[in-house]
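Below, each chain spelled out in residue letters.
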Amino acid sequence: MLRAGIVGLPNVGKSTLFNALVANAKAEAANFPFCTIEPNVGIVSVPDNRLQVLSKISKSKQTVPAKVEFVDIAGLVKGASKGEGLGNQFLSHIREVDAIVHVVRCFENDDIIHVAGSVDPARDIDIISLELVLADLAQIDRRIDRSKKQARGSKEGQAELAVLEKLSTALNEGKSARQVTLTEEETELVKGLELLTIKPIIYAANVSEDDLASGNDFVEKVREIAAQENAQVAIVSAQVESELVELSEEDKLEFLSSLGVEEGGLKTLIRATYTLLGLRTYFTSGEKETRAWTIRAGMSAPQAAGVIHSDFERGFIRAETVAYNDLVANGSMNGAKEKGLVRSEGKEYIVQEADVMLFRFNV
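Residues numbered from 1 in each chain as written. Predicted model: local features only at pLDDT ≥ 70, side-chain atom pairs only at ≥ 80, totals over all residues. Heavy atoms only, no water.

> Can you tell me about the overall build of the chain, naming the residues and giving the values?
Across its full length, the chain carries 14 helices and 12 strands. Residue burial in the chain is summarised as follows: out of 363 residues, 47% are buried. A total of about 18100 Å² of accessible surface is found on the chain, and carbon and sulfur atoms cover 47% of it. (Helix = DSSP H or I, 4+ residues; strand = E, 2+ residues; numbered from the N terminus. Buried < 20%, exposed > 50% of the residue type's maximum accessible area, 1.4 Å probe, protein only. Areas by Shrake-Rupley, 256 points an atom, 1.4 Å probe, with all protein chains shown as cover.)

As structure tokens, then:
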């Protein structure tokens, strides 16, 4: 299961947001820095209305959504790359995730202490970004020293040195590694470094309930920064989400409607994280269950089958496949078959978003 790490300065709402994400998680949320030392982990379902539609068509006994793992990582502070605030420990936790959700405080509240004494999203983002850049620079510089020795008699060593120096130049200019254009070969050469700034990022702009529907000036500043990095922004309200956890579905809808939104920001955040990680969904659906399966974009039919079980990939024969919209439009698999919309796909087929599939295989 792929992982997204929730990061940010202390007291921006990370743990409150995490608690709401996993509903019953026991992450501690308190009004003082470093209340989260060991990372809390929670597995959340990816919201997908298509599942319920397919489940109804198939009269399924069970419905199983796709999952994403979120990790609540302690608040970073200025100097984290040099060990300030247990920074080295926290940076190692970020290194273990696939994507970063950077929570940025975009609300005023005198009762909640800001570690820097005021609310300034640009400054806060810069503090976190700089610490990640400095951590990557230190790692790259150490690797460059080693690569220079290897490069003397090795083409691979020379290639590695070239990409390391390209990254070093960008990082020294204050850019992130994800802003550097790398070929597939170059990316593979530095994959083992697990660079912090190469990880895809979503900025979660944490607002008060009054600003959930339309955002505010703080959010606009976050959007400006994200646009420069080709990053995404999701508007969330940790305050609202913590209240929604306690409500029934009917009361949730009524509360959200009173705030001028159809759903809480967490659903948007979860979906955005799923997309950010380069993930796609295909479905299997029958009387026993309807299930969403997670694959990476570009996976072939046998690889997608292997997500269910390795035997499915090894013994793959073909996949009976129909597009979700075609299945729904015709009301059943049989109805889609009668229209010639159910295809028999072989080993070269690249699975598309929302394919509904039945695999044939040899044991």
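So that's the structure; there's more coming.
> Go over the pairing of strand β10 (residues 316-323), please, and point to the residues and values.
Two strands pair when backbone bridges link them, and β10 and strand β12 (residues 355-361) are joined in this way by seven bridges, in the antiparallel orientation. Paired with Phe316 across the bridge in β12 is Phe361. The pairing of β10 with strand β11 (residues 343-345) spans three bridges and is classified as antiparallel. Bridge pairing links Ala319 to Glu345 in β11. (Pairing = 2+ DSSP bridges.)

> Provide a residue-level description of the environment of Thr281, including the pertinent values.
Within the secondary structure layout, Thr281 lies in strand β8 (residues 279-285). Separated by 70 residues in the primary sequence, Thr281 and Val351 place their C-alpha atoms 9.1 Å from one another. Setting aside chain neighbours within four positions, we find Thr281 in contact with Asp48, Arg50, Tyr274, Ala292, Trp293, Gln352, Glu353, Ala354 and Asp355. (Contact = heavy atoms within 4.5 Å.)

> Tell me about the packing of aromatic side chains, and name the residues and values.
Under the definition given, this model contains four aromatic pairs. An aromatic cluster is present here, built from Tyr282, Phe316 and Phe359 joined pairwise through their rings. (Phe/Tyr/Trp six-rings, centres within 6.5 Å; stacked < 30°, edge-to-face > 60°.)

> Can you explain the sheet that holds strand β4 (residues 67-72)? Please cite residues and give values.
For sheets, the rule is that strands pair by backbone hydrogen bonds, running either parallel or antiparallel. Strand order in the open sheet formed by six strands is β2-β4-β1-β5-β6-β7, with mixed pairing between adjacent strands. Strands at the two margins of the open sheet, each flanked by one partner only, are β2 (40-45) and β7 (232-236). The sheet shows a mean angle of 25° between the axes of neighbouring strands, taken without regard to direction. Bridge count between strand β6 (residues 201-206) and β7: five bridges; the pairing is parallel. By the bridge assignment, Ile202 is partnered in β7 with Gln232. This element, helix α1 (residues 14-22), spans β1 (3-7), β2, β4, β5 (99-105), β6 and β7 of the sheet and lies at about 40° to β2. (Axes fitted to C-alpha atoms, helices over the stretch in contact; angles between N-to-C directions.)

> An account of the side chain of Thr197 is requested, with residue identities and associated values reported.
Mapped onto the elements of the fold, Thr197 is located in the loop between α6 (184-189) and β6. Judged by relative accessible area, which is 3%, Thr197 ranks as buried. There is a polar contact of 2.9 Å between the side chain of Thr197 and the backbone nitrogen of Ala177. If sequence neighbours within four positions are ignored, Thr197 has contacts with Leu132, Val133, Asp136, Leu171, Ser176, Ala177 and Arg178. (Polar contact = N/O pair within 3.5 Å; in protein donor to acceptor, adjacent residues only side chain to side chain.)

> Give me the lowdown on unusual backbone geometry, citing residues and values where you can.
Most peptide bonds adopt trans geometry, and most residues besides glycine take a negative phi value. Of note in the backbone geometry, Asn11 takes a positive phi value of approximately 65° without being a glycine. Tracing the sequence through the fold places Asn11 in the loop between β1 and α1. A positive phi angle, near 55°, is found at Lys59, a position not held by glycine. By secondary structure assignment, the location of Lys59 is in the loop between α2 (49-58) and β3 (62-64). Judged by relative accessible area, Lys59 falls into the exposed class, the value being 67%.

> Describe in detail the pairing of β4, supporting the description with residues and values.
Counted residue by residue, β4 has five buried out of six residues, so it is predominantly covered. Where β2 lies against β4, six bridges are found, and the strand directions are antiparallel. Residue Ile43 lies in a different strand from β4, and its bridge partner there is Glu69.

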